[in-house]
Amino acid sequence: MVKIFLILIFCLSFLKAEKNDNVIYDLNCVGCHKKMPVTIDKYFYRYLLKYSSETRVKASMFDYLKNPTKEKTIMAESFITRFGIKKKSKLSDDKLKEAIDSYWEKYKIFDKLK
């Protein structure tokens, strides 16, 4: 009986952890981007076109989100004129990296091409 209980607790904690993988991304990124005229996946494709590798995309996103500037943005001048530059992320470095990792996993195309 104790074994069954422990297995049940393990399974439930595993499912909960798996479900929470994108929580930081969903709470801190998706909500604001839903209000934008450009969908969040379009930013990903712009980053991918400009930086081309996972390492470079993630590094440039992290750099921009920690200290957004007009020089670092991937958006067109007209977009910046209309909406301005994003405010600095308030997430810790670890949480921001986790959100960027979730974003990468959601939109990466490399494993999806056949």
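Look up: the structure comes first, before these words.
Residues numbered from 1 in each chain as written. Predicted model: local features only at pLDDT ≥ 70, side-chain atom pairs only at ≥ 80, totals over all residues. Heavy atoms only, no water.

### Re the overall build of the protein chain
Broken down by element type, the protein chain carries six helices and zero strands. From first element to last, N terminus to C terminus, the protein chain shows the α and β order α-α-α-α-α-α. Of all 114 residues assigned to the protein chain, the portion counted as buried reaches 30%. Accessible surface for the protein chain amounts to roughly 8600 Å². Of this, 61% is attributable to carbon and sulfur atoms. (Helix = DSSP H or I, 4+ residues; strand = E, 2+ residues; numbered from the N terminus. Buried < 20%, exposed > 50% of the residue type's maximum accessible area, 1.4 Å probe, protein only. Areas by Shrake-Rupley, 256 points an atom, 1.4 Å probe, with all protein chains shown as cover.)

### A few points about unusual backbone geometry
In this structure, S52 takes a positive phi of about 65° despite not being glycine. Residue placement: S52 occurs in the loop between α3 (40–51) and α4 (54–66).

### A closer look at the packing of α3 against helix α6 (residues 93–107)
Where α3 contacts α6, the two axes come as close as 11 Å, and the packing angle between them is 90°. In terms of axis orientation, α3 runs roughly perpendicular to α6. Each of I40, D41, Y43, F44, Y45 and L48 in α3 lies in contact with α6, whose residues at this interface are Y103, W104 and Y107. The residue inventory of the contact of α3 with α6, partitioned by class, reads eight nonpolar, no polar and one charged. (Axes fitted to C-alpha atoms, helices over the stretch in contact; angles between N-to-C directions. Parallel < 35°, antiparallel > 145°, perpendicular 65-115°, else oblique. Contact = heavy atoms within 4.5 Å. Nonpolar A, V, L, I, M, F, W, Y, C, P; charged D, E, K, R; others polar.)

### Quick notes on the packing of aromatic side chains
Overall, the coordinates contain eight aromatic pairs when judged by the stated rule. Taking 5.6 Å as the distance between ring centres and 85° as the angle between the ring planes, the aromatic pair formed by F44 and Y103 counts as edge-to-face. Note that F44 is positioned in helix α3 and Y103 in helix α6, a separation of 59 residues in sequence. The class of F44 is buried, set by a relative accessible area of 0%. Among the aromatic residues, those joined into a cluster by ring pairs are F44, Y45, Y103, W104 and Y107. The cationic tip of K97 hangs over the ring face of F62; the distance from NZ or CZ to the ring centre is 5.3 Å. (Phe/Tyr/Trp six-rings, centres within 6.5 Å; stacked < 30°, edge-to-face > 60°. Lys NZ or Arg CZ within 6 Å of the ring centre and 35° of its normal.)

### A short note on the side chain of D41
With respect to the secondary-structure elements, D41 resides in helix α3. Classification of D41 as buried rests on a relative accessible area of 17%. Contacts of D41, omitting those with residues within four sequence positions, involve Y103 and Y107.

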